[in-house]
Amino acid sequence: MRAAATMSGTAAASGFVLLLLSVPVVQCENGWDVRYTPTEICVPRGSTVDINCTYTSTFNNRDVTVQETFWFIKDSNGIYVDLMTDPEYSGRVEYLCENNKCTLRISDLRETDSAVYKFRFTTNQDSFTGSAGVTLSVPDLHVQVNAPVKGYSYNYAELKCQSSCHLPDHLTYVWYKNQQKKIEGASYSDVFDPADTVSCAVKGHKDFHSPSLLVRSQREWNVRYTSTEICVHRGSTVDINCSYTYPSRENNREVTVQKTFWFKENHVNVDLKTQSQYSGRVEYLCENNKCTLRISDLRETDSAVYKFRFTTNRESLTGSAGVTLSVTDPQLQVHVRRSTANPYPTWTELTCHSSCQLPDHLSYVWFKNNKQLVGRKKYFLLQLFNAGDNYHCAIEGHERFPSPTLNAPKVPSVSVSPSGEIMEGSSVTLTCSSDANPAANYTWYKEDEDSPRASGQIFTITNITAEHGGNYRCEAQNRRGRSDASLHVTVGAGESVIIMNTIRLTLVVVLVPVLVWTLWTRMKKTLSLKSEVNEAVEMKVRDSEAKRTTGYHCFHLNVKEGDETFLGSATLSESAPKCFCSILLINKQTNGQGAL
């Protein structure tokens, strides 16, 4: 890519436009150029900012057509993340581009939006990025005490609302005393009782006010630690920061600092520099009432509570809370993030994440299928995400502590318990597990069904019936991909079903002969009273399948002799071992009926 361009433009925050001096522009060869102004912007949280640029493009006197323009803060592996597709900026980003000018507008600013923003455009000939970019800072606010005057039982002070970068001068601040709104203005002067607290916020953004400050502490002996808990990995370097205050005069005598040092909580007031285990690894960086303890080549034994102490010509003071330092092996994980602007991801971001808050200056090493990739950033961008590839990361110089491998789910292992044929009425448990990172989500499907039966590694079916039998498929899925495996569930007749079938068979075997014998005997009696037999005798016995669904089995006999018909039936219930029998005699000539 060609050399970087330079910058000019305007920036707006909270509805106000900032007019700033342009910095010199470095022209790029062949007329390709991107300009930003200013190169640094500081705005408060919750506000809106406009970042502007202009761009030009010529290519050997050929007609050049701009095909795409966008802003980004991340690029890796030749891939640029358009802010419009970044889920972190969803609904908060707008591009206002025309006539070779493009404005990036970000609303509802967060501290995490602090970054270097760059503009990139693509033409029918080539692509170009203004490489210097614009540094956006979104700081927290804090109350600064100026010109304090201490009285016998009060403190008079002039207060200002400050941040780590220079906020626009036109902003109006709202001041709160003991959580009650007091005044609006760039500063706040008042008399404060010893217990009074003060905070400030940018007007219109009261939800993002500064931490409350005990004004009295600014004139008293005090030590403040920037962070009270720090987690770092073995072999690295850590900075532990604090600030301290003391009265400039006491009893009409000037107070001067004579000594500052750090110590371990379990070695009270013993300067770390005098301890052999810290020899050559400890450094103090102290000036202007601020002091930093720097420890290099960290070891697990360095895990402790560290405190700062200073001594003056009047007295000494120790910051009582201290800073808890935890030193561990890097516990890294690869986190996955994808674009959201299109139905299908246009990029995938892998981030080397640690359980500790690691310094920003660290370099990282990325591996694909155990082969090192080019790139030293905390993140690595992919355009095509092959589910068959494995990725892991490590901190440069600490490759012996890599992250677990990121991979799509392997073919799951499935099992059924109890194994073999499952009896009706019992319970069965299906289990599915797969080697996957991140951990897989599991879904169970029954054959020929689109809707899932259950989710989770374990699928339990209680009071199982014959309809539960068949093939089941377990699908394991994570952000990397998916895989599945199947098993078969066989359901056999339960004990109660076997007993009922036995009773049914026994009754049928006994009932039918008895019924036939009864009807045959009746028929013989009738035949003995007649001298001629005019019609044949027909007997039919059948088990009505249509009645099987009702829980009954029916057996019928039909005997015809002349004008008389003998009808016989037997009904067997599945729900109870009972048999109901009936015989009906019908005489066509007399229309008479009789029952046996």
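This one's a predicted model, so the numbers in the text were calculated from it and none came from an experiment. (Residues numbered from 1 in each chain as written. Predicted model: local features only at pLDDT ≥ 70, side-chain atom pairs only at ≥ 80, totals over all residues. Heavy atoms only, no water.)

### Observations concerning the overall build of the chain
Here's step 1: Helices and strands together make up the secondary structure of the chain, namely 1 helix and 49 strands.
Here's step 2: Looking at the 596 residues of the chain, the share that counts as buried comes to 41%.
Here's step 3: Relative to all contacts within the chain whose residues are 6 or more apart in sequence, the contacts with residues 24 or more apart total 57%.
Here's step 4: In the form shown here, the chain has an accessible surface area of approximately 32200 Å², with 48% of it arising from carbon and sulfur atoms. (Helix = DSSP H or I, 4+ residues; strand = E, 2+ residues; numbered from the N terminus. Buried < 20%, exposed > 50% of the residue type's maximum accessible area, 1.4 Å probe, protein only. Contact = heavy atoms within 4.5 Å. Areas by Shrake-Rupley, 256 points an atom, 1.4 Å probe, with all protein chains shown as cover.)

### Let's talk about the sheet that holds strand β32 (residues 332-338)
Here's step 1: Spatially, 3 strands are ordered β32-β33-β36 in an open sheet, and the strand pairing comes out antiparallel. Among the strands making up the open sheet, the edge pair consists of β32 and β36 (379-382). Across the sheet, the mean angle separating the axes of adjacent strands is 25 degrees when strand polarity is ignored.
Here's step 2: Sheet topology note: the β32/strand β33 (residues 348-354) ladder contains 7 bridges and is antiparallel. When the bridges of β33 are listed, Q333 appears paired with H353. (Pairing = 2+ DSSP bridges. Axes fitted to C-alpha atoms, helices over the stretch in contact; angles between N-to-C directions.)

### Let's talk about the confidence of the model for the chain
Detailed conclusions should not be drawn from predicted coordinates in areas where pLDDT is low.
Here's step 1: Looking at the chain as a whole, the pLDDT averages 79, with 75% of positions reaching at least 70.
Here's step 2: Note on residues 572-581: pLDDT is under 50 here. Beyond four places in sequence and across chains, it has 29 contacts.
Here's step 3: In the model, residues 583-596 has pLDDT below 50 throughout and makes 34 contacts with residues more than four positions away in sequence or in other chains. (pLDDT = per-residue confidence, 0-100.)

### Points about the packing of aromatic side chains
Here's step 1: Here the structure, examined in full by the defined rule, presents 27 aromatic pairs.
Here's step 2: Between Y246 and F310, the ring centres sit 6.1 Å apart and the planes meet at 45 degrees, which makes this aromatic pair tilted. A residue pair is termed long-range when its members are at least 10 positions apart, and Y246 in the loop between β23 (238-245) and β24 (249-250) and F310 in strand β29 (residues 304-312) qualify at 64 residues. The pair Y246 / F310 is uniform in exposure class, with both members buried. (Phe/Tyr/Trp six-rings, centres within 6.5 Å; stacked < 30°, edge-to-face > 60°.)

### Considering the pairing of strand β43 (residues 458-461)
Here's step 1: Of the two faces of β43, the one holding F459 and I461 is buried and the one holding I458 and T460 is not buried anywhere.
Here's step 2: One ladder, built from 4 bridges, connects strand β40 (residues 428-433) with β43; its direction is antiparallel. Within β43, the residue paired with T429 across the bridge is T460.

### Topic: the sheet that holds strand β35 (residues 371-372)
Here's step 1: With respect to topology, 3 strands assemble into an open sheet ordered β35-β34-β37, the strand pairing being antiparallel. Of all the strands in the sheet, just β35 and β37 (391-395) have a single pairing partner and so form its edges.
Here's step 2: Where strand β34 (residues 364-368) and β37 come together, 5 bridges link them in antiparallel fashion. Of the residues in β37, the one forming a bridge with W366 is C393.

### Quick notes on the nonpolar core
Nonpolar side chains tend toward joint burial in soluble globular proteins.
Here's step 1: W262, L293, I295, Y306, F308 and L325 are the most contacted members of the largest nonpolar core, which totals 29 residues.
Here's step 2: Mapped onto this core, the elements with two or more residues apiece are β21 (222-225), β22 (229-233), β23, β26 (257-264), β27 (282-287), β28 (290-295), β29 and β31 (323-328).
Here's step 3: Ranked by size, the runner-up nonpolar core spans 27 residues in total, among them Y36, W71, L83 and F119. (Core = buried A, V, L, I, M, F, W, Y, C linked by side-chain atoms within 4.5 Å.)

### With respect to unusual backbone geometry
Here's step 1: Geometrically, the link from T37 to P38 is a cis peptide bond, its omega value of -5 degrees lying close to zero.
Here's step 2: Residue position: P38 is located in the loop between β3 (33-36) and β4 (40-42).
Here's step 3: The amide bond that connects S417 to the next residue, P418, takes the cis arrangement and shows omega of 0 degrees.
Here's step 4: Positioned with a positive phi, N99 is a non-glycine residue whose angle comes to about 50 degrees.

### Some remarks on the state of the cysteines
Here's step 1: For the coordinates displayed, the defined rule picks out 7 disulfides.
Here's step 2: The residue that forms a disulfide with C161 is C200, at a sulfur-sulfur distance of 1.9 Å. In this structure, the disulfide formed by C161 and C200 twists by about 75 degrees around the S-S bond and is classed as right-handed. Pair noted here: C161 is in strand β15 (residues 155-163) and C200 is in strand β19 (residues 197-202), with a separation of 39 residues, a long-range link. Of the two residues, C161 and C200, neither departs from the other in class, the shared state being buried.
Here's step 3: In this model C432 forms its disulfide with C474; the gap between the sulfur atoms is 2.0 Å. On the sign convention where negative means left-handed, the S-S torsion of about -90 degrees between C432 and C474 marks this disulfide as left-handed. Here C432 is found in strand β40, whereas its partner C474 is found in strand β44 (residues 470-478), with 42 residues between them in sequence.
Here's step 4: Its relative accessible area of 0% is what places C432 among the buried residues.
Here's step 5: Unpaired in this structure, C53 has its nearest cysteine sulfur neighbour in C102, at a distance of 5.5 Å.
Here's step 6: Here C242 is not disulfide-linked; the sulfur of C291 is the nearest cysteine sulfur, at 5.5 Å. (Disulfide = S-S within 2.5 Å.)

### Structural notes on the side chain of D271
Here's step 1: Counting through the fold element by element, D271 comes out in the loop between β26 and β27.
Here's step 2: Salt bridges are absent for the buried D271, whose nearest opposite-charge side chain, K259, sits at 4.9 Å.
Here's step 3: Looking at D271, its side chain comes within polar contact range of the side chain of Y284, at 2.4 Å.
Here's step 4: Among all residues touching D271, those that are not within four sequence positions of it are F261, W262 and Y284. (Lys, Arg positive; Asp, Glu negative; His and termini not counted. Salt bridge = Lys/Arg side-chain N within 4 Å of Asp/Glu carboxyl O. Polar contact = N/O pair within 3.5 Å; in protein donor to acceptor, adjacent residues only side chain to side chain.)

### What to know about the pattern of salt bridges
Here's step 1: Inspection of the entire model under this criterion finds 22 salt bridges.
Here's step 2: With its nearest N and O atoms 3.2 Å apart, the salt bridge here joins E184 to K181.
Here's step 3: Ionic pairing is found between K203 and E184, a salt bridge with its closest N-O pair at 3.3 Å. One end of the pair, K203, is in the loop between β19 and β20 (213-214); the other, E184, is in strand β17 (residues 180-184), with 19 residues separating them in the sequence.
Here's step 4: Owing to a relative accessible area of 46%, K203 belongs among the partly exposed residues under this scheme.

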